[in-house]
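Each chain, written out:
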4 protein chains.
Amino acid sequence: MSSWGNKVKISIFGESHGPAIGVVLDGIEPGIRLDMDELLLNMGRRAPGKDKAATPRKEADMPNILSGVLDGVTTGAPICCVIENTNTRSGDYGNILSKPRPGHADYTGFMRYNGFNDIRGGGHFSGRLTAPLVFAGSVCRQALKLQGFKIASHIYSVNTVQDKPFDPISIDDSLIERLNQKSFPLIDEAVENEMRSVIESARLSQDSVGGIIECCATGVKAGLGSPMFEGAENVISSVMFGVPAVKGLEFGAGFDITKMHGSQSNDPFKYENGKVVTTSNNNGGIIGGITTGMPIILRAAIKPTASISQQQSTVDLQTKENTTLVVKGRHDPCIVSRASVVIESALALALINL
Amino acid sequence: MSSWGNKVKISIFGESHGPAIGVVLDGIEPGIRLDMDELLLNMGRRAPGKDKAATPRKEADMPNILSGVLDGVTTGAPICCVIENTNTRSGDYGNILSKPRPGHADYTGFMRYNGFNDIRGGGHFSGRLTAPLVFAGSVCRQALKLQGFKIASHIYSVNTVQDKPFDPISIDDSLIERLNQKSFPLIDEAVENEMRSVIESARLSQDSVGGIIECCATGVKAGLGSPMFEGAENVISSVMFGVPAVKGLEFGAGFDITKMHGSQSNDPFKYENGKVVTTSNNNGGIIGGITTGMPIILRAAIKPTASISQQQSTVDLQTKENTTLVVKGRHDPCIVSRASVVIESALALALINL
Amino acid sequence: MSSWGNKVKISIFGESHGPAIGVVLDGIEPGIRLDMDELLLNMGRRAPGKDKAATPRKEADMPNILSGVLDGVTTGAPICCVIENTNTRSGDYGNILSKPRPGHADYTGFMRYNGFNDIRGGGHFSGRLTAPLVFAGSVCRQALKLQGFKIASHIYSVNTVQDKPFDPISIDDSLIERLNQKSFPLIDEAVENEMRSVIESARLSQDSVGGIIECCATGVKAGLGSPMFEGAENVISSVMFGVPAVKGLEFGAGFDITKMHGSQSNDPFKYENGKVVTTSNNNGGIIGGITTGMPIILRAAIKPTASISQQQSTVDLQTKENTTLVVKGRHDPCIVSRASVVIESALALALINL
Amino acid sequence: MSSWGNKVKISIFGESHGPAIGVVLDGIEPGIRLDMDELLLNMGRRAPGKDKAATPRKEADMPNILSGVLDGVTTGAPICCVIENTNTRSGDYGNILSKPRPGHADYTGFMRYNGFNDIRGGGHFSGRLTAPLVFAGSVCRQALKLQGFKIASHIYSVNTVQDKPFDPISIDDSLIERLNQKSFPLIDEAVENEMRSVIESARLSQDSVGGIIECCATGVKAGLGSPMFEGAENVISSVMFGVPAVKGLEFGAGFDITKMHGSQSNDPFKYENGKVVTTSNNNGGIIGGITTGMPIILRAAIKPTASISQQQSTVDLQTKENTTLVVKGRHDPCIVSRASVVIESALALALINL
């Protein structure tokens, strides 16, 4: 289902080529003056066409708030935001009704919905559905910011090209602010050219590349979360895997922690300015499902864009024969940069539910 | 919270050194004859002391079913299982009340519960609480088996020593059955000695090591799950991160998929014996949150056991000073082998909720 | 919160005088061809101005389906319906910002939302929010109808004037069809004049009256529901009390059962045409939280419309003084007839979640 | 399902004639010193045999707390309480396996669980399962008491014999304390003899009687609850109908409010000692799903005990013939007095979830 949450509930709707997509966000506290500039900046970071590396399809992505906000201030009632679909030529997708595109949800959606799902542009499975998620996450972020939380992310890698990682102990507000402005956020901007050339090279060969987003939250107070099933990692992951293309998630040292010894991976405690901190942060700010007060650090693996222009092997579900298909049109060869704000939004939605 | 689930709900209770631990499992369908031998085999695979590499503390872990089962058959009513704690010398942990152990949830529990949490042996955060999870998961597995699902796992790595991975396309029933019997499950048993010597070496230096569990489910029919927040990966991850020590989770090619091109990562479809299959399985049996019918493949990163006997830096929460501590007693230097059945159980609990 | 449900989830949004109200309905099965005529008939039965007894404010209530339906058939994706607000003169309510109207949620909303709630026309608490509930319930009804369920209701009473009750053992399809067409549904239409004169008399004295809706579901198969907290009565009541103005709910003989003896209230079983039935239905088709297969019978008490034109005592929340207020404008003196389809819709939403 | 809740989750398990019944209560805040005397007093008020009017079966009902409480103080971890079944002669119920008892859940349980449900003594549907609910509700009450909430109830009626109602505006602490001590709680104790003679008369004719429990909560602060589906009435009702035998529920003036005019039913506001109060309380302390700060008043209809000793008509599910049955043994002819503390417990569980 496309509904989730406990303290703050989200319900996302819409299809890529339907009249509109949108979201209902229920449980946001009253009295928050929304910063629409920041919200539109976030929407813009996700939208294609804002960056050289993005898909050529133009999407306006103008959020239309129907409820829950009065004179720019949240009322406590559910917030509904609708985003009109403006560029919905269904003809582009005519051939995929019987031939599922590899890597896409065409086939699984067909099996799940007995063939009744709207398959145009991926329908409800389209990456376009991350637009309402960014809207919702941006509202949550603004609520969290009032409590001192800050969230940022950067492109940790594109294919094999890596950025510098976050310092897990201390992340400057100035870095967070810089990253929050960027549609291609990097800690070490010197790697941008190399990343872009890997993407351009994929584009030229009608292929695509993936990458990793590293995301952090600072200002998180200690003691949020729960043991077992409502732990911070559980809640974060249950939103994060809702972002299409995410195939892996790790916290702190993540998979690399398995190569450490306990004497290294255990984060020692010390007092610093009267506050308990850890001198390393291999646990990524979460132990036993509960926040330690150190930065939350996570990395999400984004698979290469499923949309490519090369010929691919598939089946014809009507003739029940093996066949091939070529998906026409120009495709975004790398969604990793656009995914950064989506991952931040998913983290915000999770944190407001702890 | 320690309660979770939708179609089948679980509620786990107990503390390491309290009178008992246990679980209520609500929603299991009626009419399933429980295979108690298999269930006890699973409990045994998790229990310490069954394997050379395990913790010396002996735990009987005998499940006492109080409800929901009549003459060995499920009734449809909630199944409550209580496991008595038999070896609960609180004295061992006397010094940790004021000095949180690094890597453990002592400090985060203290912050979450204002110091009222039972800290003896880790209390409700203890790895011992995975025993009721294995009980519950084993019941779910038996229900799933009636639908054709099979679940297995192996030790993918201990520290830097690696087993062979699962073949993601085809996993033999005979391999599954062999792994299901083992307390130290390996696809390539030739690596056992090297793994055990890494563990023994950690033990001798009063240290610990971690590793990775790779887990699969076969016989999963296509079309299970949902887009966005109730996708198969979301549901699996929201249980999996409830297993203490899990710091990362990936599906299919996981983080490595980020280094592929789309032309490689997209799993092509073909008909095989009248059934749609994919010729690779980089997506780990799940696309768009919905099962493809191919094996579900996941890997969970298990951090090194937090319990080590070396001196560690910490704080004294009462004197508010930096200090050190040594946790006496013998500790399990590697829980990875015991974690295998816990990961399988978590997967079963998730799959029955799709 | 305005979100609810398990198998089928609903999220209602909007305020009386905002740009639009609406609903997201997630979990409706794919492949249902929506009968828009029936749906609009239901919307019309709820809308004011369609009946002589209704409020003079005209509401178009035209549902605009944004998602989840393709070529008139459900796709399985979330269905979002938006209903524009066309007649939203805020001036009418200028004086209530500081003076809460007795019987309305102005004061409780103020306390719940720290004064940030949109108070114009009752905001999110407005009876107008039952329009999206009727939309959602109508979709659920059509899905249920394919399983053989039929739902109907009638005006059991207005003030002290009573209609005949449903025969709890057997309810004709022809009666159900007749009631489903009516904006003032009665079993015994001879009482209509007396009911209308009670309403008109209230209107003339600038007052209002309440009443009782009796609602039934037939074709319900035995065995739906659960013991304890997810029983049929629990699920039904947890939607039903979301209908504004409902202050009581009873099943079967309801409060009158407390005056029976067990030998009378126990519904005896017998075989009839090879099927188990009961020869009385004091339990209203539900025993132990589970359906018996007999008609579900319930009655909901609808309090008199809170909107009246008489002078009333209240407080001024700004000056913190006792005062009076007169709410100008013409008001609907009785919403009971319009509530019938709302109660039916709530029942449908509940039943689809069993 | 027998699991419920959001902020505080409950999971009830057990069968009447199984080894034990019990409950897991997850989410109770840490640091509450449990008053075991008060808790056992509540358990005793529910237990049969404590009062002249009760069932002759003796139940020890000694709660054994397995987790979540350390040295008498809640830890924040899930609280599990197990109550052993001591008097479980299955022989008494031998004949009901094929002949469902009218008024009981034997038949609906059979249909729901395909005949696999434990039918001895009603199994999981037994009224005995209210014992763990009283345990859980008593813990919730103690948590609520620290916030100023007080809960009490009385026998509003037995059959046609009525007690005085609560004054909905003001309920003395001394009355609450008196009622809290009683196993046959009445505001006007002069009606006790008449009520008891009605019960005794039913007993002599091997029959049973029902009645109404009126329950109140005082000290409830204004602003708790939500519009629509998580309103106070919704949450209360979704627990209350989990109490076996409840067939109706009303708040404030309840069904009688339908016979008022709006000018009477609207509760006028005034300032009293600087606080907003209402001068009547026809809404029972809840408007728009949100508490007003006035006492919450509700009444629950309890049907006559289904267990009677008279011969009754039923079916034989094996031979598929109409037949009769006589349920041997002595039965409690009226559970209304014992239901009072159950209703109070259900209210406590609901209120802690607002």
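Residue positions are given per chain, counting from 1 as you read along its sequence in written order. As they are written, the chains are lettered A onward and the ligands numbered 1 onward, keeping that order. Where local features are concerned, this predicted model is filtered to residues with pLDDT of at least 70; where side-chain atom pairs are given and counted, the filter is 80 or more; whole-chain, interface and lining totals use all residues. For the side-chain quantities, the full set of heavy atoms in the structure was used; hydrogens and water were omitted.

1. Quick word on the overall build of chain A
No. 1: Numbering of helices and strands runs from the N terminus, with a helix taken as a DSSP run of H or I at least four residues long and a strand as a DSSP run of E at least two residues long. Helices and strands together make up the secondary structure of chain A, namely eight helices and 18 strands.
No. 2: The size measure is the radius of gyration over C-alpha atoms, and the globule rule it meets is 2.2 Å times the number of residues to the 0.38 power. Taking 2.2 N^0.38 as the reference for a compact globule, 354 residues should give roughly 20 Å; the C-alpha atoms of chain A span a radius of gyration of 21 Å, in line with that estimate.
No. 3: Across its three principal directions, the C-alpha atoms of chain A cover 70 × 50 × 35 Å.
No. 4: For the exposure calls, accessible area comes from a 1.4 Å probe over protein chains only, and a residue counts as buried if that area is under 20% of its type's maximum, exposed if over 50%, partly exposed in between. Scored against the burial criterion, the 354 residues of chain A give a buried share of 68%.
No. 5: Relative to all contacts within chain A whose residues are 6 or more apart in sequence, the contacts with residues 24 or more apart total 72%.
No. 6: Accessible surface for chain A amounts to roughly 11,500 Å². Of this, 47% is attributable to carbon and sulfur atoms.
No. 7: Just so you know, the count uses Lys and Arg for positive and Asp and Glu for negative, and it drops His and the chain ends. For this purpose, a charge sits on NZ of Lys, CZ of Arg, CG of Asp or CD of Glu. Here chain A holds 34 positive side-chain charges and 36 negative ones, and the gap between their average locations is 4 Å. Contacts are assigned to residue pairs that have any heavy atoms within 4.5 Å of one another. Per-residue and other accessible areas follow the Shrake-Rupley method at a 1.4 Å probe size, with only the shown protein chains counted as cover for residues.

2. Some words on the relation of the copies chain D and chain C
No. 1: All copies are superposed by least squares; the fitting set is the C-alpha atoms of residues with a pLDDT of at least 70 in both. Mapping chain D onto chain C leaves a residual RMSD of 0.0 Å; the transformation is a rotation of 180° accompanied by 0.0 Å of translation along its axis. Between the two chains, the operation in question is that of a two-fold axis.
No. 2: A share of 100% of interface residues in chain D that are also interface residues in chain C marks the association as one of identical surfaces.

3. Concerning helix α5 (residues 192-204) of chain A
Residue and element names in this part refer to chain A.
No. 1: Any helix carries an expected span of 1.5 Å times its number of residues minus one. Its 13 residues give α5 an end-to-end C-alpha distance of 18 Å, which sits within 8% of 18 Å, the value for a rise of 1.5 Å per residue.
No. 2: Those residues of α5 that sit buried are Met 195, Arg 196, Val 198, Ile 199 and Ala 202. Viewed along the axis of α5, the buried residues span an arc of 155°, placing them on a single side of the element. Within α5, the exposed residues directed more than 90 degrees away from the buried face are Asn 193 and Leu 204.
No. 3: Gln 206 lies just past α5 and shows a positive phi near 55°. Relevant arc is that of directions from the helix axis to the C-beta atoms, nothing else.

4. Some details on the packing of aromatic side chains
No. 1: Paired rings are identified among Phe, Tyr and Trp, the last through its six-membered ring, by centres lying within 6.5 Å, and are further divided according to the angle between planes into stacked (under 30 degrees), edge-to-face (over 60) and tilted (the rest). Considering all chains together, one arrives at 18 aromatic pairs over all chains under this definition.
No. 2: Ring geometry for Phe 241 of chain A versus Phe 251 of chain B: centroids 5.3 Å apart, planes at 90°, classification edge-to-face. Of this pair, Phe 241 of chain A sits in the loop between α6 (232-240) and β11 (246-251) while Phe 251 of chain B sits in strand β11 (residues 246-251), which puts the two residues in different chains.
No. 3: Residue Phe 251 of chain B is classed as buried on the basis of its relative accessible area, which comes to 0%.
No. 4: Measuring from ring centre to ring centre gives 6.4 Å for Tyr 113 of chain C and Phe 125 of chain C, while their planes differ by 55°; the resulting arrangement is tilted. Of the two residues, Tyr 113 of chain C sits in the loop between α2 (106-112) and α3 (130-145) while Phe 125 of chain C sits in the loop between α2 and α3, which places them 12 residues apart along the sequence.
No. 5: In this structure Tyr 113 of chain C comes out as buried when scored by relative accessible area, which is 5%.
No. 6: Over a ring means this: the NZ of a Lys or the CZ of an Arg is within 6 Å of the ring centre and within 35 degrees of the ring normal. The lysine or arginine in question, Arg 299 of chain C, covers the ring of Tyr 156 of chain C, its NZ or CZ lying 5.5 Å from the ring centre.

5. Topic: the relation of the copies chain B and chain A
No. 1: If you rotate chain B by 180° and push it 0.0 Å along the axis, it lands on chain A with an RMSD of 0.0 Å.
No. 2: Of all interface residues in chain B, 100% are interface residues in chain A too; the two copies therefore contact each other through one and the same surface.

6. Description of the confidence of the model for chain A
No. 1: As a per-residue measure, pLDDT reflects the predictor's confidence and takes values from 0 up to 100. Averaged over all residues, the pLDDT of chain A is 94; the fraction at 70 or higher stands at 94%.
No. 2: Across the whole predicted complex the pTM is 0.96, and at the interface the ipTM reaches 0.96.

7. With respect to the pattern of salt bridges
No. 1: Salt bridges, as used here, are contacts in which a Lys or Arg side-chain nitrogen is within 4 Å of a carboxyl oxygen on Asp or Glu. All told, the structure shown has 72 salt bridges over all chains when counted by the stated rule.
No. 2: A salt bridge links Glu 272 of chain B to Lys 270 of chain B; the nearest nitrogen and oxygen atoms lie 3.3 Å apart.
No. 3: Under the relative-accessibility criterion, Glu 272 of chain B is labelled partly exposed at 37%.
No. 4: On the basis of relative accessible area, Lys 270 of chain B is assigned to the partly exposed category, the value being 30%.
No. 5: Where Arg 299 of chain C meets Glu 250 of chain C, a salt bridge forms, and the shortest distance between an N and an O atom there is 2.7 Å. With Arg 299 of chain C in strand β16 (residues 296-302) and Glu 250 of chain C in strand β11 (residues 246-251), this pair connects stretches of sequence that are 49 residues apart. An identical accessibility class is assigned to Arg 299 of chain C and Glu 250 of chain C; each is buried.
No. 6: Each member of the salt-bridge network shares a partner with another, and the members are Arg 45, Arg 141 and Glu 344 of chain A.

8. Things to note about the interface of chain D and chain C
One frequently used descriptor of interface size is the decrease in accessible area upon assembly of the parts.
No. 1: Listed per partner, the contact involves 97 residues of chain D and 97 residues of chain C.
No. 2: If you look at where chain D meets chain C, you find two salt bridges.
No. 3: Residue Glu 233 of chain D pairs with Lys 247 of chain C through a salt bridge whose shortest N-O separation is 2.7 Å.
No. 4: N or O atoms within 3.5 Å of each other form a polar contact, as long as, within protein, one can give a hydrogen and the other can take it, and as long as residues adjacent in sequence are counted only when both atoms are side-chain atoms. Viewed at the interface, chain C and chain D are joined by 44 residue pairs in polar contact (both at pLDDT 80 or more).
No. 5: Among the elements that line the side of chain D that touches chain C, the one with the most residues is strand β11 (residues 246-251) of chain D, at six residues.
No. 6: Here the side of chain D that touches chain C is composed, by residue class, of 44 nonpolar, 38 polar and 15 charged. Residue polarity follows a fixed list, in which Ala, Val, Leu, Ile, Met, Phe, Trp, Tyr, Cys and Pro are nonpolar, Asp, Glu, Lys and Arg are charged, and the others, Gly among them, are polar.

9. A word on the interface of chain B and chain A
No. 1: Facing the 97 residues of chain B at the interface are 97 residues of chain A.
No. 2: Defined here as a combined quantity, buried area equals the accessible surface (1.4 Å probe) lost by two parts on assembly, summed across both. In total, about 7,700 Å² of surface goes out of reach between chain B and chain A, with carbon and sulfur atoms giving 63% of it.
No. 3: At the junction of chain B and chain A, the tally comes to two salt bridges.
No. 4: Our count for the contact surface shared by chain B and chain A stands at 44 residue pairs in polar contact (both at pLDDT 80 or more).
No. 5: Grouping the constituent residues of the side of chain B that touches chain A by class yields 44 nonpolar, 38 polar and 15 charged.
No. 6: Here β11 of chain A pairs with β11 of chain B via three bridges, running antiparallel. The residue bridging Gly 248 of chain A from the neighbouring strand is Glu 250 of chain B, located in β11 of chain B. Any two strands with at least two DSSP-identified bridges between them are counted as paired.

10. Observations concerning the pairing of strand β13 (residues 275-278) of chain D
In summary, the side chains of a regular strand alternate between the two faces of the sheet.
Residues and elements named next belong to chain D.
No. 1: Judged from the four bridges that link them, strand β12 (residues 269-272) and β13 form a sheet pairing that is antiparallel. Considered in β13, the bridge of Glu 272 is made with Lys 275.
No. 2: With antiparallel pairing between neighbouring strands as the criterion, β12 and β13 make up a hairpin whose turn holds two residues, including Asn 273 at a positive phi of roughly 55°.

11. Structural notes on the packing of helix α1 (residues 36-46) of chain C against helix α8 (residues 336-351) of chain C
Residues and elements named next belong to chain C.
No. 1: Two numbers describe how α1 lies on α8: the axes approach to 7 Å, and their chain directions differ by 135°. The angle between α1 and α8 falls in the class oblique. For the pair α1 and α8, contact is made by Asn 42, Arg 45 and Arg 46 and by Arg 338, Ser 340, Val 341, Val 342 and Glu 344, respectively. Axis lines are fitted through C-alpha atoms, for helices just across the contact stretch, and the angle between N-to-C directions can take any value from 0 to 180 degrees. Each angle receives one of four descriptions, namely roughly parallel if under 35 degrees, roughly antiparallel if over 145, roughly perpendicular if within 65 to 115, and oblique otherwise.

12. Focus on the sheet that holds strand β7 (residues 79-84) of chain B
All names here are of chain B.
No. 1: Read across the sheet, five strands follow the order β1-β2-β3-β7-β4 without closing on themselves; strand pairing throughout is antiparallel. The sheet is open, and its two edges are formed by β1 (3-5) and β4 (63-65), each paired on a single side. With strand direction ignored, the average angle separating the axes of adjacent strands in the sheet is 20°.

13. Let's talk about the side chain of Thr 74 of chain B
No. 1: Mapped onto the elements of the fold, Thr 74 of chain B is located in strand β6 (residues 73-74).
No. 2: Under the relative-accessibility criterion, Thr 74 of chain B is labelled buried at 0%.
No. 3: Within the structure, the side chain of Thr 74 of chain B is placed 2.8 Å from the backbone oxygen of Glu 29 of chain B, a separation counted as a polar contact.
No. 4: Once you skip the residues sitting within four places of it in the chain, Thr 74 of chain B turns out to touch Ile 28, Glu 29, Pro 30, Gly 31, Ile 32, Leu 34, Gly 68, Val 69 and Ile 79 of chain B together with Phe 116 of chain D.

14. Points about the environment of Ser 3 of chain B
No. 1: Looking at the element boundaries, Ser 3 of chain B is found in strand β1.
No. 2: Separated by 95 residues in sequence, Ser 3 of chain B and Ser 98 of chain B place their C-alpha atoms 29 Å apart.
No. 3: Ignoring any residue separated from it by four or fewer positions in sequence, one finds Ser 3 of chain B in contact with Phe 229 and Glu 230 of chain A, Ile 10 and Ser 11 of chain B together with Lys 9 and Asp 26 of chain D.
No. 4: At 3.4 Å, the side chain of Ser 3 of chain B forms a polar contact with the side chain of Ser 11 of chain B.
No. 5: A polar side-chain atom of Ser 3 of chain B sits 2.9 Å from a polar atom in the side chain of Asp 26 of chain D.

15. Observations concerning the sheet that holds β11 of chain B
Working definition: the strands of a sheet are paired by backbone hydrogen bonds and lie parallel or antiparallel to each other.
No. 1: The sheet built from 10 strands is open, its strands ordered β9(A)-β8(A)-β10(A)-β16(A)-β11(A)-β11(B)-β16(B)-β10(B)-β8(B)-β9(B) with antiparallel pairing. Two strands bound the open sheet, and with one partner strand each, they are β9 (161-162) of chain A together with β9 (161-162) of chain B.
No. 2: The pairing of β11 of chain B with strand β16 (residues 296-302) of chain B spans five bridges and is antiparallel. When the bridges of β16 of chain B are listed, Leu 249 of chain B appears paired with Ala 300 of chain B.
No. 3: Strands in contact with helix α4 (residues 173-181) of chain A are β8 (150-158) and β10 (211-218) of chain A; relative to β8 of chain A, the strand with the most contacts, it is inclined by about 65°.

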